[in-house]
Amino acid sequence: MPSAAVARYYAYKATKAVELYRPIMYIYFASAGLSFFQITVLEAAYNATTVLGEIPTGYLGDRLGRRNGLVLGTVVITLTLLGLGLAGRLTDPFPAFLALYVCWSLGYTFRSGTEDAWLYDSLVGEGRSFSDLRGRGESFALASGVVAAIAGGYLASIELAYPFYAAAAVTGLGAVILLTVDNEGDDDPADRTT
C-alpha cells in the first residue's frame, strides 16, 4: 500500500494525462474556421515557446519552489484549456488560439523537469526507488489517458468544446492535489542561486 504522499503523486499523474481533447483537437480547430496552415502555425508556436521557455520557466520554478512551480504550471494549463474551449466561439479565433498555445506551452515548461526533481527530493527515500515510483506514475498517467481519450470522444459527440472544459476541470484537480503536498524537498528560497 503506497504512503499518502505517493498516492497523491499517482493521483496528480493521473490528472496530468487527461487529454480528453486529444482525439478531436484538430477537428475542433477546423470547425472553428482555422485553416490547416493556421493549425500548423499553432503547433510551431507551441514548439518554439517550449524551446525558448525552458530556461526562464526553469529558473522561475526554482525560485518559487518545486511544488509551487508545478502548481503554477498546472493552473496555467487549466486556464489555457478553458480558454481554448471558449475561443472556438469567436468570429476570428486564430489570434486567441495562438496566444493560448503560447501559454499552454509555458505551463508545460513549468512542469518539465520540476516534476522529476520534486519526485526525487520529496518521495524517494525510505527504501523507495525513483524508477519504480516514476514508472508506476507513468502507468497511472497512460491508463488515465486511455480512459480520457474515450471519454473525450464521447463528450465531443455532444459538443466539440466539452473535452477542453472537462480536461480543464481534471487538470485543475491536479493543482488542488499538489496544494495538499508538503514543500519538503524544496530548498529554502534564500539558499537558491540568484
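Our structure's up above, just so we're on the same page.
Description of the nonpolar core
Phase 1: Counting 27 residues, the largest nonpolar core has Phe29, Leu81, Leu84, Phe97, Tyr101, Trp104 and Phe164 as the members making the most contacts within it.
Phase 2: Counting residues per element, the ones that place at least two in this core are helix H2 (25–31), helix H3 (36–64), helix H4 (66–87), helix H5 (94–111), helix H7 (130–158) and helix H8 (162–179).
Phase 3: Among residues more than four places away in sequence, those in contact with Tyr101 are Met25, Phe29, Leu42, Glu43, Tyr46 and Leu84.

Brief notes about a nonpolar patch on the surface
Phase 1: Residues Tyr59, Leu60, Leu64 and Leu72 make up a contiguous nonpolar surface patch of about 320 Å² in total accessible area.
Phase 2: Summarising the element assignment, Leu72 is placed in helix H4.
Phase 3: Residue class for Leu72 comes out partly exposed when judged on its relative accessible area of 30%.

Describing the environment of Leu79
Phase 1: Tracing the sequence through the fold places Leu79 in helix H4.
Phase 2: Put simply, Leu79 and Ala168 are 89 residues apart on the chain and 6.9 Å apart in space, counted from C-alpha to C-alpha.

As for helix H1 (residues 4–16)
Phase 1: With 13 residues, H1 extends 18 Å between its outermost C-alpha atoms, agreeing within 8% with the 18 Å of an ideal straight helix rising 1.5 Å per residue.
Phase 2: Taken residue by residue, H1 has Val6, Tyr9, Tyr10, Tyr12, Lys13 and Thr15 as its buried positions.

What about empty space enclosed by the protein?
Phase 1: Counting across every chain of the model gives one cavity of 30 Å³ or more.
Phase 2: Empty space within the largest cavity amounts to approximately 40 Å³.
Phase 3: The wall of the largest cavity is formed by Lys16, Val18, Glu19, Tyr21, Ile77, Leu81, Tyr108, Arg111 and Thr171.
Phase 4: If you list the elements that add at least two residues to the lining of the largest cavity, you get H4 and H5.
Phase 5: Taken together, the residues that form the lining of the largest cavity break down as five nonpolar, one polar and three charged.

The rules we used
Residues numbered from 1 in each chain as written. Predicted model: local features only at pLDDT ≥ 70, side-chain atom pairs only at ≥ 80, totals over all residues. Heavy atoms only, no water. Core = buried A, V, L, I, M, F, W, Y, C linked by side-chain atoms within 4.5 Å. Buried < 20%, exposed > 50% of the residue type's maximum accessible area, 1.4 Å probe, protein only. Helix = DSSP H or I, 4+ residues; strand = E, 2+ residues; numbered from the N terminus. Contact = heavy atoms within 4.5 Å. Patch = residues over 30% accessible without salt bridge, like charges linked within 9 Å, V, L, I, M, F, W, Y side chains within 5 Å. Areas by Shrake-Rupley, 256 points an atom, 1.4 Å probe, with all protein chains shown as cover. Salt bridge = Lys/Arg side-chain N within 4 Å of Asp/Glu carboxyl O. Expected span 1.5 Å × (residues − 1). 1 Å grid on protein atoms, 1.4 Å probe; cavity = no way out; pocket = protein on both sides within 12 Å on 5 of 7 lines; lining within 4 Å. Points joined across faces, edges and corners; volume = space filled by probe spheres on them. Nonpolar A, V, L, I, M, F, W, Y, C, P; charged D, E, K, R; others polar.

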